[in-house]
Amino acid sequence: MLERARQVLKTYWAYDSFRSIQEQVISSVLLDNDTLALMPTGGGKSICYQVPALMKAGICIVISPLISLMKDQSDSLERKGIKSCCLSEEISHNTLDNVLNKVITMKYKFLFITPERIKNQVFQHYLYHMQPSLIVVDEAHCISEWGHDFRPEYREISTLRAYYPQVPILALTATATNQTIEDIQTNLELKKNNCLKGSFQRENLNYYVFEDNDKIGKTIEIIKKYDSAGLIYVTTRKNAILYAEELKKHNLSVAEYHAGLSNYERKIRQEQWQKGEIKVMVATKAFGMGIDKQDVRFVIHLDLPSSIEEYYQELGRAGRDGKEAYAILYWHEKDINNLRKRVLMSYPEMEKIKEIYNALYSQYNIAYYDGKNYEKDFSLTEFCYKYHFDFISVFNTIQILSREAILQYNQREYPVSKVKIQSNDFEIRNILKISDDYSSLLAALLRICECNHIEYTFIDEQKIANYLRWEKEQVIIKLKSLEKMGVITYLRFKAGEYIIFLQDRVKKEEIYISEKNYQQLKENSIARAEKMIDYLKNAECREQYIHQYFDIETEKCKKCDRCLEAHTTHQTLEEKIVKALLQGEKPITYFENNTDFPEGERTINFIRQMLDEGIFTLNGNKIRFNKK
Ligand SMILES: [Zn+2]
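Every chain begins its residue count from 1, and numbering advances along the sequence as written. Given that the model is predicted, a residue must reach a pLDDT of at least 70 before its local features are reported, and side-chain atom pairs must reach 80 or more before they are shown or counted; all residues, however, enter totals for whole chains, interfaces and linings.

Our next topic: the overall build of the protein chain. Helix numbers and strand numbers start at the N terminus; a helix is a DSSP run of H or I with at least 4 residues, a strand a run of E with at least 2. Within the protein chain, the secondary structure is distributed over 26 helices and 22 strands. Expected size for 628 residues packed as a compact globule is a radius of gyration near 25 Å; at 28 Å, the protein chain falls within 12% of this value. Overall, the C-alpha framework of the protein chain stretches about 90 × 65 × 55 Å when taken along its three principal axes. Whether a residue is buried, exposed or partly exposed is read from the other C-beta atoms within 10 Å of its own C-beta, which are placed from the backbone; 20 or more gives buried, 12 or fewer gives exposed, and intermediate counts give partly exposed. The proportion of buried residues among the 628 residues of the protein chain is 34%. Using C-alpha atoms as the atom set, the radius of gyration is obtained and then compared with a globule rule of 2.2 Å times the number of residues to the power 0.38.

In structure tokens, the structure reads:
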């Protein structure tokens, strides 16, 4: 059986042998066992399902959280000559029918869908006629509300189980604690617990954590030193802009990326970074999932991530090509307070949640005991502005309401408009001859946006307006006319976000949010943030600490800052105090509540002596080392 699997691997991938646990996972799937595979990013997850699927009769259904992710995988299969299709959100009814007809007549080997698709009625109708060989759940940690990327729709995947009780499920993820694993297994109704864990040792990854006041200065040094692709993670839009500006002043190839940019702009920047036209991206966590760049030499964190999961996933984007890469985190005592504040802020009080709930229904004039199954365009930013709510509270309230199945909030991944040219060249030449607005608009579409006959091309009405020196509204009106004339097809999106109300609106006192759920979620977030803080101060080896967090036993890495420190110096307590102060002034409390300085009395006596001798001085309540 494995012999044949190797042949398939050789034929389609030109590899001679499998890596890490690929072989175990493939055997398990070929024996029709439900399987959960935990493999590091870049560990060759896709081969684990693609090889057995190619060996089995029937179609392989792959559920993936992001359209871009699905498209990448589907395209790479197509390039190998394997028939595959990808159902994006914005597919028309007709096309959907068409594609699904091909699916049931076995024209495809792989079908990629988002979890939302499973609820679609047309899709469900076709499910009766499909003959899948394998169901794959990619990024399976999105199922678990203990994870960091929770997606309520992921909880619905088990619906497929009812259709195909005999078809094995393969769940894949790169980050999961034991709690998350349990949650995935229960939720997907896996027949038995069969979790395979790959090796998470990344030989080429070097972890460094520094307490430093001059984050930006250090970052500049690193960018100059490695002069290659890199990522810098921050937690707020404001910081992304600030740091990027600061770095640009030093003539570095840098851009910022955050949720505040238009989708079009985000798409362009991601592509530029991917191609190496921009070397370093200063990004919030909005940037990441679905990117696949091999030669990222460093990932720097300038703000504290809210959990080890988030941190690990972000730094994991460094060094996928197997060459030396660096994960560097700079922190500062005040970052710790900021993180704690951020976590608390993300859990609005119950009263506030109810207030936001009311406003969410009110904005559409939905009456009490009405609203179920309404789908409405929604803008988070405009909503916050109109009702004077802060963004994080609203965002988290929506998360909480989603978990209670009261409503669902979605973002269309590419909420930009698209155009496809319908007329032939002759007709277009005729229109271009008429020198009026239509011809200049059409020229802009063809030359600036590079629209064509073959496929839809993304356009940005604002950019066209700027180029033509028109108003945006005028561009939209003319595009619609061109469509009426049969020259183009114009798919216009009004907004990227929408809300689906899953329950009728009720009066404030009747809103039910499980106190237990709420408390538990809150406590979990706090605990995750505290683990992150503990990592900064108490990890004996950075890599080992992270692995232990994911319940994986490993040796010390021998190359992180902590391992190197332990290796090179056996410092005395006094040396440690001096070293700490050399990095910057510290309040006395720093030495009192720190496991690095276990002998409290000796520490205090030494500091006193140094103060007396004028080697240390007091600056307010902080101790400073007098450099001479
Ligand atoms: Zn180490």
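Let us now look at the nonpolar core. What makes a nonpolar core is a set of buried Ala, Val, Leu, Ile, Met, Phe, Trp, Tyr and Cys residues, with links drawn between C-beta atoms within 7 Å. Among the nonpolar cores identified, the biggest contains 105 residues, and Leu111, Val136, Leu170, Ile232 and Val282 are the most heavily contacted of them. Among the elements that make up this core, the one with the highest residue count is strand E13 (residues 325-331) (seven residues). Among the domains, domain 1 (2-197) and domain 2 (205-331) are the pair contributing at least three residues each to this core. Once you skip the residues sitting within four places of it in the chain, Val282 turns out to touch Ile232, Val234, Ala240, Tyr243, Ala244, Leu247, Val254 and Glu256. Delimitation of the domains relies on an automatic or database domain assignment. For every residue pair, C-beta atoms are placed from the backbone, and the pair is scored as a contact if these atoms sit within 7 Å.

With respect to burial, helix H22 (residues 542-549) is a largely interior element, six of its eight residues being buried. A positive backbone phi angle near 60 degrees is found at Asp551, which sits one or two residues after H22.

If you trace the three strands from one edge of the open sheet to the other, you get E20-E22-E21, paired in antiparallel fashion. Single-partner strands in this sheet number two, and they are strand E20 (586-587) and strand E21 (616-619). As defined by bridge partners, E20 adjoins strand E22 (residues 622-625) across two bridges and the pair is classed as antiparallel. Its bridge partner being in E22, Pro587 is matched across the sheet by Lys622. Lying over the sheet, helix H24 (residues 573-582) contacts E20, E21 and E22, oriented at roughly 95 degrees with respect to E22. When DSSP locates at least two bridges between a pair of strands, those strands are taken to pair. A fitted line through C-alpha atoms represents every axis, and for helices the fit uses only the stretch in contact; the resulting angles, taken between N-to-C directions, go from 0 to 180 degrees.

Turning next to the environment of Leu432. Its place among the elements puts Leu432 in helix H17 (residues 425-433). When neighbours within four sequence positions are excluded, Leu432 is seen to be in contact with Ser439, Leu442 and Ala443.

Turning next to the sheet that holds strand E16 (residues 417-421). Pairing is antiparallel across the open sheet formed by three strands, whose spatial order is E17-E16-E18. Of all the strands in the sheet, the pair left with one neighbour each is strand E17 (457-459) and strand E18 (488-491). Going across the sheet, the axis of each strand differs from the next one's by a mean of 30 degrees, ignoring polarity. Here E16 pairs with E17 via three bridges, running antiparallel. In the strand pairing of E17, Val419 is matched with Thr457.

Moving on: the environment of Asp390. When you line up the elements, Asp390 lands in the loop between helix H15 (380-387) and helix H16 (391-403). Sequence separation between Asp390 and Met345 is 45 residues; the distance between their C-alpha atoms is 9.8 Å.

This part takes up the domain arrangement of the protein chain. When its domains are assigned, the protein chain resolves into domain 1 (2-197), domain 2 (205-331), domain 3 (342-414 + 498-513), domain 4 (416-493) and domain 5 (561-625). The gap between the C-alpha centroids of domain 2 and domain 5 is 32 Å.

A separate point is helix H18 (residues 437-447). Listed as buried for H18 are Leu441, Leu442 and Leu445. Along the axis of H18, the buried residues cluster in a sector spanning 100 degrees; they form a single face. On its buried face, H18 is in contact with E16, H17, helix H19 (461-468) and helix H20 (472-484). What the arc covers is the set of directions going from the helix axis to the C-beta atoms.

Time to look at the packing of H17 against H18. One way to put it is that H17 packs onto H18 with a least axis distance of 7 Å and a crossing angle of 125 degrees. Relative to H18, the element H17 is oriented oblique. Contact with H17, carried on its side by Ile428, Ile431 and Leu432, involves Tyr438, Ser439, Leu442 and Ala443 of H18 and no other residues of that element. Amino acids outside the nonpolar list (Ala, Val, Leu, Ile, Met, Phe, Trp, Tyr, Cys, Pro) and the charged list (Asp, Glu, Lys, Arg) are all regarded as polar, and Gly is one of them. The class makeup of the residues in the contact of H17 with H18 is six nonpolar, one polar and no charged. Every angle not falling under 35 degrees, over 145, or within 65 to 115 is termed oblique; those three ranges are roughly parallel, roughly antiparallel and roughly perpendicular.

Phi at Met106 takes a positive value of approximately 60 degrees, unusual for a residue other than glycine. On the basis of neighbour counts, which here come to 13 C-beta atoms within 10 Å, the residue Met106 falls in the partly exposed class. Unusually for a residue other than glycine, Tyr369 sits at a positive phi of about 60 degrees. With respect to the secondary-structure elements, Tyr369 resides in the loop between helix H14 (350-362) and strand E14 (375-377). Assessed through the 11 C-beta atoms surrounding it within 10 Å, Tyr369 is described here as exposed.

Assignment of secondary structure puts Asp551 in the loop between H22 and helix H23 (561-568). The partly exposed category is assigned to Asp551, around which 14 C-beta atoms lie within 10 Å.

Burial analysis of strand E2 (residues 59-63) places five of its five residues in the buried class, the great majority of the element. Because side chains alternate across E2, one face comprises the buried residues Ile59, Ile61 and Ile63, and the other comprises Cys60 and Val62, equally buried. By the bridge criterion, five bridges tie E2 to strand E5 (residues 132-137) in an arrangement that is parallel. Within E5, the position partnered with Ile63 by the bridge is Val137. Both E2 and strand E4 (residues 110-113) contribute to a ladder of four bridges, which runs parallel.

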